[in-house]
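Notes for the structure review
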Amino acid sequence: MQPAADYAIYLDSVRKVYGGAVPTVALDDVTLGVRRGEFISIVGPSGSGKSTLLNIMGALDRPTSGRVYIAGRDVSRLPDDELSRVRNRYIGFVFQAFNLITRMSVVENVELPLVARGMRTSERRRRAMEALKLLGVDHLWAKSPRFLSGGEQQRVAIARALAQDPEFVLADEPTGNLDSKNSDVVMRALMDVNRRTGKTVIMVTHNMELAAMTDKIYRIRDGRIEGVETPQREVASA
Ligand SMILES: Nc1ncnc2c1ncn2[C@@H]1O[C@H](COP(=O)(O)OP(=O)(O)OP(=O)(O)O)[C@@H](O)[C@H]1O
Ligand SMILES: [Mg+2]
């Protein structure tokens, strides 16, 4: 495989070793390419390296060795400030804990990353409302996140990632704090984002039923890709 431009993200022989008294090999020779517009999932036991892999794909961290290409550009040796520029431009993160600020309203939470970019007030409000609408939570715009259900909070967090217009949405166990009903709602929202905006989505999950709804499942164990599956999806009837 070549790190061609049609790969959204491409990892070439990536190793990640965490230092300390006993060094931990978190990723061991991982090579994989995610195509533009794909929705992939990463599954595996606790401690197998899923979050490490996601953080490296999302330019939150660098590999110890190997190469990482984001939108065709080698980012594996970039200094911190350039790496964060790549992250801001390309990546939207969604985490298990929604990380919303309760003393701000829903729409202010979604606007916050845009404030940091120096965007005009009217423009960022427009973008934030558009993202909330896509996730079906625009009617909650004026509320505090503390009065929202878990599923609603996570959809707001996804809207916050989307409002920045990233090319890739990276989600680390986005349904990990949710019951099965809300997990389904959030999963459907992510699929909708992928389908309607064409954005590449990469999701870490422990939930095999949700993983089976994605285009490709990467199984990781002890820092290695153990297998890749393409789920046979039933065509959903309306
Ligand atoms: N900052 C760090 N410093 C040292 N070791 C770390 C660090 N982060 C992760 N590790 C170790 O690297 C390995 C992979 O961790 P990682 O968080 O990627 O696993 P994971 O698959 O996401 O697990 P979980 O399902 O529990 O979230 C583990 O052995 C972990 O203890
Ligand atoms: Mg993890």
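Notes on the structure follow. Treat the numbers as computed from the prediction; the structure is a model and nothing was measured.

With respect to spatial proximity, 13 residues lie near ligand 1, and among them S46, G47, K50, S51 and T52 are the closest. Here an oxygen atom of ligand 1 and a side-chain polar atom of K50 are 2.7 Å apart. For ligand 1, whose free accessible area comes to 640 Å², the fraction covered by protein is 60%. Looking at which element gives the most residues to the shell around ligand 1, the answer is helix α1 (residues 50-57), with three residues. Within the shell around ligand 1, the residues separate by chemical class into three nonpolar, eight polar and two charged.

With that settled, the discussion passes to helix α6 (residues 180-197). In this model, α6 (18 residues) spans 25 Å end to end at C-alpha, consistent with the 26 Å of a helix rising 1.5 Å per residue. Where the residues of α6 are buried, they touch β3 (39-43), α4 (121-134), α5 (150-163), β7 (168-172), β8 (200-204) and α7 (208-211). Looking one or two residues past α6, G198 carries a phi angle of roughly 70 degrees, positive in sign.

Attention shifts here to the packing of aromatic side chains. Scanning the model with the defined rule gives four aromatic pairs in all. Aromatic side chains Y7 and Y10 sit 5.3 Å apart centroid to centroid with 55 degrees between the ring planes, which places their arrangement in the tilted category. Each member of the pair, Y7 together with Y10, is buried.

Quick look at the sheet that holds β8 now. With respect to topology, six strands assemble into an open sheet ordered β6-β7-β8-β3-β9-β10, the strand pairing being mixed. Two strands close off the open sheet at either side, each with one partner strand: β6 (91-94) and β10 (224-229). Looking at each pair of strands side by side, their axes are set apart by 20 degrees on average, direction ignored. Across the sheet, α5 is in contact with β6 and β7; its angle to β6 comes to roughly 165 degrees.

Topologically, R155 is positioned in helix α5. Excluding its chain neighbours within four sequence positions, the residues that come into contact with R155 are L135, G136, V137, V185, V186 and A189.

The biggest cluster of nonpolar side chains holds 35 residues, and the ones touching the most others in it are F39, V110, L132, L135, V156, I158 and L190. Listing elements by their share of this core, those giving two or more residues are α3 (106-116), α4, α5, β7, α6 and β8. In terms of residue count, α5 provides more of this core than any other element does, seven residues in total.

Criteria and cut-off values
Residues numbered from 1 in each chain as written. Chains lettered and ligands numbered in written order. Predicted model: local features only at pLDDT ≥ 70, side-chain atom pairs only at ≥ 80, totals over all residues. Heavy atoms only, no water. Near = heavy atom within 4 Å. Polar contact = N/O pair within 3.5 Å; in protein donor to acceptor, adjacent residues only side chain to side chain. Areas by Shrake-Rupley, 256 points an atom, 1.4 Å probe, with all protein chains shown as cover. Helix = DSSP H or I, 4+ residues; strand = E, 2+ residues; numbered from the N terminus. Nonpolar A, V, L, I, M, F, W, Y, C, P; charged D, E, K, R; others polar. Expected span 1.5 Å × (residues − 1). Contact = heavy atoms within 4.5 Å. Phe/Tyr/Trp six-rings, centres within 6.5 Å; stacked < 30°, edge-to-face > 60°. Buried < 20%, exposed > 50% of the residue type's maximum accessible area, 1.4 Å probe, protein only. Pairing = 2+ DSSP bridges. Axes fitted to C-alpha atoms, helices over the stretch in contact; angles between N-to-C directions. Core = buried A, V, L, I, M, F, W, Y, C linked by side-chain atoms within 4.5 Å.

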